[in-house]
Amino acid sequence: MGRRARNRRPEVLILNSNFEPIAVASVIRAIKLLCKGKAEVVEEDSRIVRTARLSFKAPSVVRLNRYVRRPTPHLKVSRRNILARDDYTCQYCGKRSKNLTVDHVIPKRRGGATTWENLVSCCPQCNARKGDRAPWEAGMKLIRQPKRPKYIPLFDFALFVSLARQGKWEQYLKPFYDAMEID
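Just so you know, these numbers come straight off a predicted model, no measurement behind them. (Residues numbered from 1 in each chain as written. Predicted model: local features only at pLDDT ≥ 70, side-chain atom pairs only at ≥ 80, totals over all residues. Heavy atoms only, no water.)

Please explain the pattern of salt bridges as it appears in this structure.
Pairing between side chains of opposite charge can happen when their charged atoms approach one another. Here the structure, examined in full by the defined rule, presents 10 salt bridges. A salt bridge links Glu-137 to Arg-110; the shortest N-O distance between them is 2.6 Å. Taken together, the residues span a long stretch of sequence, with Glu-137 in the loop between helix H4 (124-130) and helix H5 (157-166) and Arg-110 in the loop between strand S5 (101-104) and strand S6 (119-122) at a distance of 27 residues. By relative accessible area, Glu-137 is classed as partly exposed at 39%. Since its relative accessible area comes to 39%, Arg-110 is described here as partly exposed. The network of salt bridges with shared partners includes Glu-11, Asp-45 and Arg-47. (Salt bridge = Lys/Arg side-chain N within 4 Å of Asp/Glu carboxyl O. Helix = DSSP H or I, 4+ residues; strand = E, 2+ residues; numbered from the N terminus. Buried < 20%, exposed > 50% of the residue type's maximum accessible area, 1.4 Å probe, protein only.)

Would you mind going over the sheet that holds strand S1 (residues 12-15) with me for this structure?
In any sheet, the strands associate via hydrogen bonds between backbone groups, in a parallel or an antiparallel arrangement. Pairing is mixed in the open sheet, where four strands are placed in the order S2-S1-S4-S3. Across the chains shown, the open sheet's two edge strands, defined by having one partner strand only, are strand S2 (21-25) and strand S3 (39-50). Averaged over all neighbouring strand pairs, the angle between strand axes comes to 30 degrees, with direction disregarded. Both S3 and strand S4 (residues 55-64) contribute to a ladder of eight bridges, which runs antiparallel. By the bridge assignment for S4, Ile-48 is matched with Lys-57. This element, helix H2 (residues 27-35), spans S1, S2, S3 and S4 of the sheet and lies at about 80 degrees to S4. (Pairing = 2+ DSSP bridges. Axes fitted to C-alpha atoms, helices over the stretch in contact; angles between N-to-C directions. Contact = heavy atoms within 4.5 Å.)

What should I look at first to understand unusual backbone geometry in this one?
Phi is mostly negative for residues that are not glycine, and the peptide bonds are mostly trans. Of note, Phe-19 is a non-glycine position whose phi angle comes to about 70 degrees, a positive value. Here Phe-19 lies in the loop between S1 and S2. Judged by its relative accessible area of 39%, Phe-19 is partly exposed. The phi torsion at Tyr-88 lies on the positive side, around 50 degrees, for a residue other than glycine. Looking at the element boundaries, Tyr-88 is found in the loop between helix H3 (79-85) and S5. With relative accessibility at 22%, the residue Tyr-88 sits in the partly exposed group.

Can you help me understand the packing of aromatic side chains in this one?
Summed over the entire model, instances satisfying the criterion amount to four aromatic pairs. Pairing Tyr-151 with Phe-176 gives two aromatic rings, centres 5.1 Å apart and planes at 40 degrees, and the pair type is tilted. Taken together, the residues Tyr-151 in the loop between H4 and H5 and Phe-176 in helix H6 (residues 170-180) connect sequence positions 25 residues apart. The interplanar angle of 70 degrees and the centroid separation of 5.9 Å between the aromatic rings of Phe-155 and Phe-160 together place this pair among those described as edge-to-face. The pair Phe-155 / Phe-160 is uniform in exposure class, with both members buried. (Phe/Tyr/Trp six-rings, centres within 6.5 Å; stacked < 30°, edge-to-face > 60°.)

Whenever I open this one, H6 confuses me. Can you help?
In an α-helix, one full turn covers 3.6 residues, which means residues spaced three or four apart are oriented alike. Those residues of H6 that fall on the buried side of the exposure criterion are Tyr-172, Leu-173, Tyr-177 and Met-180. When H6 is viewed along its axis, its buried side chains cluster within an angular range of 110 degrees and face the same direction. Looking at the packing, one finds that the buried side of H6 touches S1, S2, S3, S4 and H5. (Arc of directions from axis to C-beta.)

Following this line, the structure appears as structure tokens:
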């Protein structure tokens, strides 16, 4: 895959035969699946794809004809995934920002683990105010208790959350996003 293809934003949602979202891909990848008879178009885009002999609307959502067994995914605890789970919102003051840190609710020094249940998004001001204390010791409250998402998508977690919150492909992603119980 060339540099250009890697940097392109995914444009087509790939659904399993049971309508579970399993991937996002380029239009070219989706067209290859369609041409090989491995998928069918569920929703079209307004853009037109032209070949030497044909022109047709680009797919926006495709569904695989056969069920693909889903491996048990493992969702890594990472800064990017914690920020996505918390919708880039400080869990102490509610400020939305892209400039957030990740805070251990129970500080590491006191035995706090680096887990989904002990990490939250935090603005630099609240992080400095809380310091190396538990929230209740600093007179702070969490807006929402941190927890591990229940549903783990097969593709990138942060991308899945972003797409589900944007509304693009909402009818296909929302049921799985709601099942995560992160809001």
